[in-house]
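Now for the letters of each chain:
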Amino acid sequence: MESKYKFIENGDEIIVTRSEIEYLVTTSEMSEEEKDKAVLDYLSEINAQVYYDETFNNYQRATKATAKYPENMALLYLSLGIASEAGEVAGKMKKWVRDGDSKMTREEWVKAMSSEIGDVLWYAARLADELDLSLAEIAEENMIKLLDRKARGVIGGSGDNR
Ligand SMILES: [Mg+2]
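Draft legend 1. Region of interest: the pairing of strand 2 (residues 12–17). Of all the 6 residues making up strand 2, 0 are buried; the element is thus mostly uncovered. Between strand 1 (residues 4–9) and strand 2, which pair antiparallel and follow one another directly, the connecting turn spans 2 residues, one of which, asparagine 10, has a positive phi of 50°.

Quick look at the structure:
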């Protein structure tokens, strides 16, 4: 997912991607560091803000309709739920390791994995909602964190605050 930014120009809200800005303000002779600086300088010059795609937020809102758990136990319920669904992903993987395509086709297995990943996503969305967080912002910040680690060459290490 590419970072997007919004700014106002002649009263209109304009949404641009990071690569569009890079195309505009960088040259191929620049180092990655110089490119980053040029992009950040430009973003500040046009008073741009991070733009959050609403897809995740719309999904987050929609999960409310299927949220059924005791309100006073919401965080406990959802934390157990997301771990349980992640376990189901692991279970499907385990069965594939054990059985290969002797019990189901790869296509069926991928479909089953897809369904469990969806269950994990539902719990992630509900957790975000109960904590008054935005799933779109979580996705965006996660991407920024990982891209930053990649840029600093520490993506393969361990520890939450690398
Ligand atoms: Mg499941």
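That was the structure; now back to the text.
Draft legend 2. View of the sheet that holds strand 1. The sheet built from 3 strands is open, its strands ordered 2-1-3 with antiparallel pairing. Every interior strand has two partners, whereas the edge strands, strand 2 and strand 3 (49–51), have only one. Taken over all neighbouring pairs, the strand axes of this sheet differ in orientation by 45° on average, direction set aside. Pairing of strand 1 with strand 3 involves 3 bridges; the strand directions are antiparallel. Note that in strand 3 the partner of lysine 6 across the bridge is glutamine 49.

Draft legend 3. Quick look at the nonpolar core. Within the largest apolar cluster, 9 residues are counted, these being Phe56, Leu78, Tyr123, Ala124, Ala125, Leu127, Ala128, Leu135 and Ala136. Taken together, the elements giving at least two residues each to this core come down to helix 5 (106–130) and helix 6 (135–151). At 5 residues, helix 5 tops the list of elements feeding residues into this core. Residues within four places of phenylalanine 56 in sequence aside, it is in contact with Leu135, Ala136 and Ala139.

Draft legend 4. Examining the packing of helix 3 (residues 55–63) against helix 5 more closely. For the pair helix 3 and helix 5, the least separation of the axes is 9 Å and the interaxial angle reads 85°. Taken together, the axis directions place helix 3 and helix 5 in an arrangement best described as roughly perpendicular. From helix 3, Tyr59, Gln60 and Thr63 reach across to helix 5, where they touch Trp122, Ala125, Arg126, Ala128 and Asp129. Of the residues belonging to the contact of helix 3 with helix 5, the class tally is 4 nonpolar, 2 polar and 2 charged.

Conventions adopted
Residues numbered from 1 in each chain as written. Predicted model: local features only at pLDDT ≥ 70, side-chain atom pairs only at ≥ 80, totals over all residues. Buried ≥ 20, exposed ≤ 12 C-beta atoms within 10 Å, placed from the backbone. Helix = DSSP H or I, 4+ residues; strand = E, 2+ residues; numbered from the N terminus. Pairing = 2+ DSSP bridges. Axes fitted to C-alpha atoms, helices over the stretch in contact; angles between N-to-C directions. Core = buried A, V, L, I, M, F, W, Y, C linked by C-beta atoms within 7 Å. Contact = placed C-beta atoms within 7 Å. Parallel < 35°, antiparallel > 145°, perpendicular 65-115°, else oblique. Nonpolar A, V, L, I, M, F, W, Y, C, P; charged D, E, K, R; others polar.

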